[in-house]
Amino acid sequence: MPNSYSQTRAATSLMRRLKRSLINPTALARPRCFTTTEGHRPTLVHKRSLDILHDPWFNKGTAFSMTERDRMDLRGLLPPNVMSSEQQIERFMVDLKRLEVQARDGPSDPNALAKWRILNRLHDRNETMYYKVLIANIEEYAPIVYTPTVGLVCQNYSGLFRRPRGMYFSAEDRGEMMSMVYNWPADQVDMIVVTDGSRILGLGDLGVQGIGIAIGKLDLYAAAAGINPQRVLPVMIDVGTNNEKLIKDPLYLGLQQHRLEGDEYVAVIDEFMEAVFTRWPNVIVQFEDFQSKWAFKLLQRYRNTHRMFNDDVQGTAGVAIAGLLGAVRAQGRPMIDFPKQKIVVAGAGSAGIGVVNAARKTMARMLGNNESAFDSAKSQFWVVDANGLITDERENIDPDALPFARRINEVGRQGLREGASLVEVVRQVQPDVLLGLSGVGGLFSKEVLEALKGSTSTKPAIFAMSNPTKNAECTPDQAFKIVGDNIIFASGSPFRDVGLGNGRIGHCNQGNNMYLFPGIGLGTLLSGSGIISDGMLQAAAERLAAYMTEEEVLKGMIFPPISKIRDITKEVAAAVVQEAVEEDLAEGYRDIDARELQKICQNEAEVLEYVQNNMWSPEYPTLVYKND
Ligand SMILES: NC(=O)c1ccc[n+]([C@@H]2O[C@H](COP(=O)([O-])OP(=O)(O)OC[C@H]3O[C@@H](n4cnc5c(N)ncnc54)[C@H](O)[C@@H]3O)[C@@H](O)[C@H]2O)c1
Ligand SMILES: O=C(O)C[C@H](O)C(=O)O
Ligand SMILES: [Mg+2]
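All values derive from a computational prediction rather than experimental measurement.

Asks: Residue-level account of the coordination of the magnesium ion (ligand 3), with values.
Replies: Six octahedral donors around a metal ideally subtend angles of 90 or 180 degrees, whereas four tetrahedral donors ideally subtend 109.5 degrees. The protein atoms that coordinate the magnesium ion (ligand 3) are Glu288 (OE), Asp289 (OD) and Asp312 (OD), at distances spanning 2.0 to 2.1 Å. All donors to the magnesium ion (ligand 3) come from one chain, and their sequence spacing reads E-D-x22-D. With Glu288 in the loop between β5 (284-287) and α14 (292-302) and Asp312 in helix α15 (residues 311-330), this residue pair connects regions lying 24 residues apart in the sequence. A residue is classified by how much of its surface remains accessible, and Asp312, at 6% relative accessible area, is buried.

The following block contains the structure:
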């Protein structure tokens, strides 16, 4: 119960301050509650009648009380029975559940799109109720509003498009973005998720239809991080598409031209960044599903000057690190043994390279944090892309993959060569971990999984992280069946756990960046840091890793269930705030300045309370009409 919970926390905090004041009389001088809770103060609105019913933010539908209906000129426009919000949700759920009478098959649920439509309609007419439903049923509906169904939504977006949500900046808008940005009604925007639609999940270039991914990510910002949904903005930058089918499709909603490239492309992104940071200087921009060749370049271009991060490169890396450390613990070994793990990675794109870079840095830190540690750590990775094992013999090697190209002499000694196939690499290396970020469904074939049986690990780990479901490198059923019961398994999209017989369960963990990006965004917001440092990202990953208990990890559970996502996000955000303070990057948030934040960060419980109190929850405010 958020209210009684925050009251208890507030009381505890007061007791703490009283106790402190006995020792230090100035302690009571800062009794300011960190909360921004709107409480029961009425909200002033400048519209009434049908305008209110058509406004998803203020609309309560049948939950308007009779006095409110009178006050807001709503009488007669609604059925006479006043419903409580619980009754409204019950009615909605009955309708939603009706669709589940037919076969229900988890991620490949044939009704997924129908459920998405229903939820989307609710989103359009009543945001408060939408987020109440989502938060209360997050395990069930995250796979609908987010991965994997969001992929299907993006693929079918032209057909599904009803009401617009978010902003579109296109190549045709060059020179106009600075003024266009003021068309958005909100004076405050905390969080933007932007995509150019060039690599949506493992589904390739979906052009303008990629906006669905930005909307889905922001849904999790509201549901998991408690970012106020009135202050989020999904953005699609439409520079064209290289998807020939879309270019020819008469129903396609975006620009029907090939993508801008080179300086022209960068100029569009620069103009967008300038426009949004001019209007909202404190906004945080999450780059999402940009093809690798731009993902890294844009990250380098803006990360030291803007509050931004790339979720596929940095969020994924953090989640993978947490999972990899969990896999070490699951073997009954201390985390410090991580630098001994042999890791084969299939996929050298934004996600794969992001993961190996971060894993190498983590190993180097554990080995003494010096240059030689950093150098030796890279020998723990074998990176395989569409052309096989990457070695220094490769021509036109992608500069981002170059640091991980194996020396040809060395791989020769291992019985490998430039371009060796994944199965050969797994057979020869006998890795502790096989991690897939290739976007290729079924890449971990029977042959590859058979080869993994030769792993030198007591409990090999398989991370089939590509999305959506059909693009997973293998299913948990295949992994447990072929490699054996004694493995760790994680996938990017949700799958069911596997029954191993005799009541034993093969856990299917969901290794998805959703466990980190909401907390990275919230923590950055509440710290007031002007950039998102490597340290802040590392702190986020470590907090996620530490979330799992020894007992859970030994059972093969290396990521928490989604039902705990709001709690995890709070923890991750607190870790990000603390690290920002530690690195002297924190400038404070609202009426909490940097010095006060520093004090808060001295006490673990207080940081958590600070974060909790600044998380938005979906509650109906009391409305009052004000005519001016
Ligand atoms: N679980 C998560 O949180 C998460 C996060 C980010 C990305 N992803 C998923 O990772 C996948 C890749 O994303 P990306 O941005 O790196 O894409 P990308 O297109 O930039 O990279 C794909 C890489 O896979 C390689 N590849 C293609 N075919 C291969 C094959 N047969 N064998 C080995 N490698 C092969 C390509 O050469 C390329 O290096 C997508 O499916 C995406 O949904 C998952
Ligand atoms: O969107 C997701 O589910 C994870 C990740 O960002 C991806 O691109 O696959
Ligand atoms: Mg992504």
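Asks: Any details on the sheet that holds strand β12 (residues 488-491)? Residues and values, ideally.
Replies: Read from one edge to the other, the open sheet built from seven strands follows the order β9-β8-β7-β10-β11-β12-β15, with strand pairing classed as mixed. Strand pairing shows two members of the sheet lacking a second neighbour, β9 (388-389) and β15 (509-510), which therefore form its edges. Pairing of strand β8 (residues 381-385) with β9, which is carried by two bridges, proceeds in the antiparallel orientation. Note on β9: the bridge partner recorded for Asp385 is Gly388.

Asks: Provide a residue-level description of the site of ligand 1, including the pertinent values.
Replies: Looking at ligand 1, there are 26 residues lining it, with Arg199, Ser292, Ala348, Ser350 and Asn513 nearest. Within the backbone of Gly349, one N or O atom sits 3.3 Å away from an oxygen atom of ligand 1. One of the backbone N or O atoms of Ala386 is found 3.1 Å from an oxygen atom in ligand 1. Taken by itself ligand 1 offers 860 Å² of open surface, and the protein chains cover 83% of this. Looking at the shell around ligand 1, the elements with two or more residues in it are α15, α16 (350-366) and β8. By residue class, the composition of the shell around ligand 1 is nine nonpolar, 14 polar and three charged.

The rules we used
- Residues numbered from 1 in each chain as written.
- Chains lettered and ligands numbered in written order.
- Predicted model: local features only at pLDDT ≥ 70, side-chain atom pairs only at ≥ 80, totals over all residues.
- Heavy atoms only, no water.
- Donors = N, O, S within 2.8 Å, 3.2 Å for Na, K, Ca; no water.
- Helix = DSSP H or I, 4+ residues; strand = E, 2+ residues; numbered from the N terminus.
- Buried < 20%, exposed > 50% of the residue type's maximum accessible area, 1.4 Å probe, protein only.
- Pairing = 2+ DSSP bridges.
- Near = heavy atom within 4 Å.
- Polar contact = N/O pair within 3.5 Å; in protein donor to acceptor, adjacent residues only side chain to side chain.
- Areas by Shrake-Rupley, 256 points an atom, 1.4 Å probe, with all protein chains shown as cover.
- Nonpolar A, V, L, I, M, F, W, Y, C, P; charged D, E, K, R; others polar.

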